[in-house]
Amino acid sequence: MTERANQKLLAIDDETQSLELIKDALCDDDVEILTAQNPQAGLEILKRTRPQIVLLDLMMPGVHGLEVLEAIVAADPGVDVIVMTAHYSTESAVEAIQKGASDYLNKPLSVEKLRLRISQLLAEAEDRRRTLQLDDELLDAYQFEGIVGRSPLMLEVFAKIRRVAPHFRTVLITGATGTGKELVARALHRLSPATSDTFAVCNCAAIAETLVESELFGYVRGAFTGATQDKIGVFEYANRGTVFLDEIGEMPLAAQAKLLRVLQSREIQRVGSPVPRSVDVRVIAATNRNLRALVSEGKFREDLYYRLTMVEIPLPRLIERREDMPLLQRHFLAKYAAEYKKPVAGMTRRAQARLARYSWPGNIRELENVIGNACMMVDGTVLDIGDLPETVRGQSGDLAGADELLISLDESHKRHVMRVLEHVGGNKSQAAEILGISRATIYQFLEKTKTGT
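Quick look at the structure, then.

Quick notes on the rules
Residues numbered from 1 in each chain as written. Predicted model: local features only at pLDDT ≥ 70, side-chain atom pairs only at ≥ 80, totals over all residues. Heavy atoms only, no water. Helix = DSSP H or I, 4+ residues; strand = E, 2+ residues; numbered from the N terminus. Rg over C-alpha atoms; globule rule 2.2 N^0.38 Å. Buried < 20%, exposed > 50% of the residue type's maximum accessible area, 1.4 Å probe, protein only. Contact = heavy atoms within 4.5 Å. Areas by Shrake-Rupley, 256 points an atom, 1.4 Å probe, with all protein chains shown as cover. Lys, Arg positive; Asp, Glu negative; His and termini not counted. Charge placed at Lys NZ, Arg CZ, Asp CG, Glu CD. Phe/Tyr/Trp six-rings, centres within 6.5 Å; stacked < 30°, edge-to-face > 60°. Lys NZ or Arg CZ within 6 Å of the ring centre and 35° of its normal. Expected span 1.5 Å × (residues − 1). Pairing = 2+ DSSP bridges. Polar contact = N/O pair within 3.5 Å; in protein donor to acceptor, adjacent residues only side chain to side chain.

**Side note on the overall build of the protein chain**
Right, so step 1: Each helix and strand in the protein chain was counted, giving 20 helices and 18 strands.
Right, so step 2: Relative to the compact-globule value of 22 Å for 453 residues, the protein chain shows a C-alpha radius of gyration of 29 Å, a clear excess of over 25%.
Right, so step 3: Overall, the C-alpha framework of the protein chain stretches about 95 × 55 × 40 Å when taken along its three principal axes.
Right, so step 4: For the protein chain, buried positions account for 46% of its 453 residues.
Right, so step 5: Within the protein chain, counting contacts between residues at least 6 apart in sequence, those at least 24 apart form 70% of the total.
Right, so step 6: By element, 51% of the accessible surface of the protein chain is carried by carbon and sulfur atoms, the whole surface being about 22800 Å².
Right, so step 7: Measuring between centres, the 56 positive side-chain charges of the protein chain sit 8 Å from its 63 negative side-chain charges.

**Brief notes about the packing of aromatic side chains**
Right, so step 1: With the rule as written, the count across this model stands at seven aromatic pairs.
Right, so step 2: Relative to Phe 244, the ring of Phe 199 lies with its centre 6.1 Å away and its plane at 20 degrees, an arrangement referred to as stacked. Of the two residues, Phe 199 is situated in strand S11 (residues 199-203) and Phe 244 in strand S12 (residues 242-246); the sequence distance between them amounts to 45 residues.
Right, so step 3: Overall, Phe 199 belongs to the buried group, its relative accessible area being 16%.
Right, so step 4: Phe 244 gets classed as buried once you look at its relative accessible area, which sits at 0%.
Right, so step 5: The interplanar angle of 70 degrees and the centroid separation of 5.2 Å between the aromatic rings of Tyr 305 and Tyr 306 together place this pair among those described as edge-to-face.
Right, so step 6: Judged by relative accessible area, Tyr 305 falls into the buried class, the value being 8%.
Right, so step 7: It is Arg 282 that lies over the ring of Phe 168; its NZ or CZ is 6.0 Å from the centre.

**Considerations on helix H13 (residues 325-339)**
In an α-helix there are 3.6 residues to a turn, and that puts residues three or four apart on one side.
Right, so step 1: Along its 15 residues, H13 runs 21 Å from first to last C-alpha, staying within 8% of the 21 Å computed at 1.5 Å per residue.
Right, so step 2: By the burial criterion, the buried members of H13 are Met 325, Leu 327, Leu 328, Gln 329, Arg 330, Phe 332, Leu 333, Tyr 336 and Ala 337.
Right, so step 3: The inward-facing, buried residues of H13 contact helix H5 (111-141), strand S9 (147-148), strand S17 (346-347), helix H14 (349-357), helix H15 (363-377) and strand S18 (382-383).
Right, so step 4: In the segment just after H13, Lys 341 is the residue with positive phi, at about 55 degrees.

**Points about the pairing of strand S1 (residues 8-12)**
Right, so step 1: Counting buried residues along S1, four of its five residues qualify, which places the element largely inside the surrounding structure.
Right, so step 2: Both S1 and strand S3 (residues 53-57) contribute to a ladder of four bridges, which runs parallel. Bridge pairing in S3 links Leu 9 to Ile 53.

**Topic: the side chain of Asn 288**
Right, so step 1: Within the fold, Asn 288 resides in the loop between strand S15 (282-287) and helix H11 (291-296).
Right, so step 2: By relative accessible area, Asn 288 is classed as buried at 13%.
Right, so step 3: Among the polar contacts made by the side chain of Asn 288, one reaches the side chain of Thr 177 at a distance of 2.8 Å.
Right, so step 4: What Asn 288 contacts, discounting residues up to four positions off in sequence, is Gly 175, Ala 176, Thr 177, Lys 181, Glu 247, Glu 433 and Gly 436.

**Some remarks on unusual backbone geometry**
Among all residues except glycine, the phi angle is most often negative; among peptide bonds, the trans geometry is most common.
Right, so step 1: Residue Pro 108 is reached from Lys 107 by a cis peptide bond, and omega for that bond is 0 degrees.
Right, so step 2: Inspection of the secondary structure assignment puts Pro 108 in the loop between strand S7 (103-106) and H5.
Right, so step 3: With a phi angle near 50 degrees, Glu 145 is a residue other than glycine that sits in the positive phi range.
Right, so step 4: In this structure, Glu 145 sits in the loop between strand S8 (143-144) and S9.
Right, so step 5: Of note, Lys 341 is a non-glycine position whose phi angle comes to about 55 degrees, a positive value.
Right, so step 6: With respect to the helices and strands, the residue Lys 341 is situated in the loop between H13 and S17.
Right, so step 7: On the accessibility criterion, Lys 341 (74% relative accessible area) is exposed.

Spelled out as structure tokens, the structure:
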């Protein structure tokens, strides 16, 4: 019983006789009994002491017990509340459970039933404490170079990184937006022989087409208007290190040809200079686009595709690795609780269930944003459904209902696109990135939807 020595129970009841009965019945359970004879005093004790269990009388003068129940659950969503009443009805019992009560006991209280139920709740609270402790231990055990995961898909990714890192010259990382492609790139660099040298990041989608070559390979003074001095590019900057080319599928064809030549010859030429310069770099490319499809459409060079895919590391979506959800939640919760200096210790079971049912179109990045936002908004020590963004609270899940299963593939695509657009507030660029399609395709889809074709 020693592990329960610091557990507390709060009884709120206006009847002194009832409070004495509770103290006598539970005096041997090695749990601290706190009492209050009115709701206001009870709420103050709750906020100050954070008991694991609250016994609440539903019938007290001047206030309805269900209102007090709501206030208790709002103040501490992680507490187990047992409501007590001498006026039992099925309707009030169901309403109390819906409002967050763990159980409903009739008065006069049965000492045997009370002891049994309190013992069960204390055991469950201890199980949850041990589970959190195990989660922390698992989090330490299943972090690989800053990447959290224990699902078979992620363990295979980790194994591939270990095998590839000491030897690679080029690697392609594929996966939907938010799946952690840059984390994998950094892990490859850290485990490579170039770990002590530069890791340079270049987002190909963020550079104007006319500037790609000068950004990658640099330029010399006078190469073009405004080139007032020599400038090294990303490849020279990362010499003997690693270049990470994010969103490689957005690179213009002309730049692709020059990149292929650099990968083959290990030499670059600054814009405006005929002098080749040797570079020794490892190149990691990443994309959320289907490069093979882009090759078929003539938008990506086939020879560059085969050069990059000498080693390919595909990353799964979050819904494909649901086993990792508890670890990821714990990881981000600890991260943002520390960042915002808040004593957030966990998450209610109903909040965890809601997160588990959500479809996560933005993958791990979206999960991190959701938990970070919740940690910022929460007032207590436990995250609850009310702390989650409306987009997560309002979605019933990615498990389709019967009507969803009996629709055409085209209709299913339409619904998914509309859900993503709604999720990102109508931002077509962001929706296109999440869906792995172009903005033009989004506009075509909206036009078809408008005309009903």
